[in-house]
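Architecture at a glance
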Amino acid sequence: MTATTTPEQPGGVPARDITISEFGAQKALGILANSGKENAGVRVFIKSGGCSGYQYGMAIDDRELEGDTIVYDRGVKLLVDRMSLPLLRGSEVDFVENMMGGGFTVHNPNATSACGCGSSFRTDGAQSPDGEGSSGCGSH
């Protein structure tokens, strides 16, 4: 069973487990429209790796898996699996452009330190996973 959540913050304002910025939503809607997948959304997930312990991942996905949290924000369906949700709760997906190009990024209030390249992070109390997939910035 999938879950769509909109818990409330103090004051009765609905809070979302994850959100997307206005610019991020514009970019995501364009990509989703060209994906050829009906009812697709942006799957945001965490995987082991990177020099800080965890890495962000994103994919276009038209599947809703058991245990997924599904959030609709600014017209975009965001899907997060149950293992990634605790590390992503309160995060905002954004799209940034700079001299090196552009891409999606995650502003994560749970990250206590991040890699210089911005694609990996660590949280308080979370040990860096060892083994396969744990690597430095230069090996993405």
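The name given to the protein chain in an unreviewed UniProt entry is HesB/IscA family protein, and the organism recorded there is Deinococcus multiflagellatus.

1. A short note on unusual backbone geometry
Even without being a glycine, Asn39 presents a positive backbone phi close to 55 degrees. As for its position among the elements, Asn39 is in the loop between α1 (22-33) and β3 (41-48). For Asn39, a relative accessible area of 63% puts it in the exposed group. A positive phi angle, near 55 degrees, is found at Arg74, a position not held by glycine. Checked against the element boundaries, Arg74 lands in the loop between β5 (69-73) and β6 (76-80). With relative accessibility at 43%, the residue Arg74 sits in the partly exposed group.

2. Considerations on the nonpolar core
Within soluble globular proteins, side chains that are nonpolar generally end up buried alongside one another. In terms of nonpolar packing, the biggest core is built from 20 residues, with Ile18, Ile20, Val42, Val76 and Leu88 touching the most fellow members. At the level of elements, β2 (18-20), α1, β3, β4 (54-61), β6 and α2 (85-88) are the ones that each hand at least two residues to this core. Beyond its immediate chain neighbours, meaning those up to four positions away, Val42 contacts Ala28, Leu32, Met58, Ala59, Ile60, Val76, Lys77, Leu78 and Leu79.

3. A look at the side chain of Asp73
Here Asp73 is to be found in strand β5. A relative accessible area of 7% means that Asp73 is categorised as buried. Side chain to side chain, Asp73 and Arg16 meet in a polar contact 2.8 Å long. Setting aside its immediate chain neighbours within four residues, Asp73 contacts Arg16, Thr19 and Ile20.

What counts, and where the lines are drawn
- Residues numbered from 1 in each chain as written.
- Predicted model: local features only at pLDDT ≥ 70, side-chain atom pairs only at ≥ 80, totals over all residues.
- Heavy atoms only, no water.
- Helix = DSSP H or I, 4+ residues; strand = E, 2+ residues; numbered from the N terminus.
- Buried < 20%, exposed > 50% of the residue type's maximum accessible area, 1.4 Å probe, protein only.
- Core = buried A, V, L, I, M, F, W, Y, C linked by side-chain atoms within 4.5 Å.
- Contact = heavy atoms within 4.5 Å.
- Polar contact = N/O pair within 3.5 Å; in protein donor to acceptor, adjacent residues only side chain to side chain.

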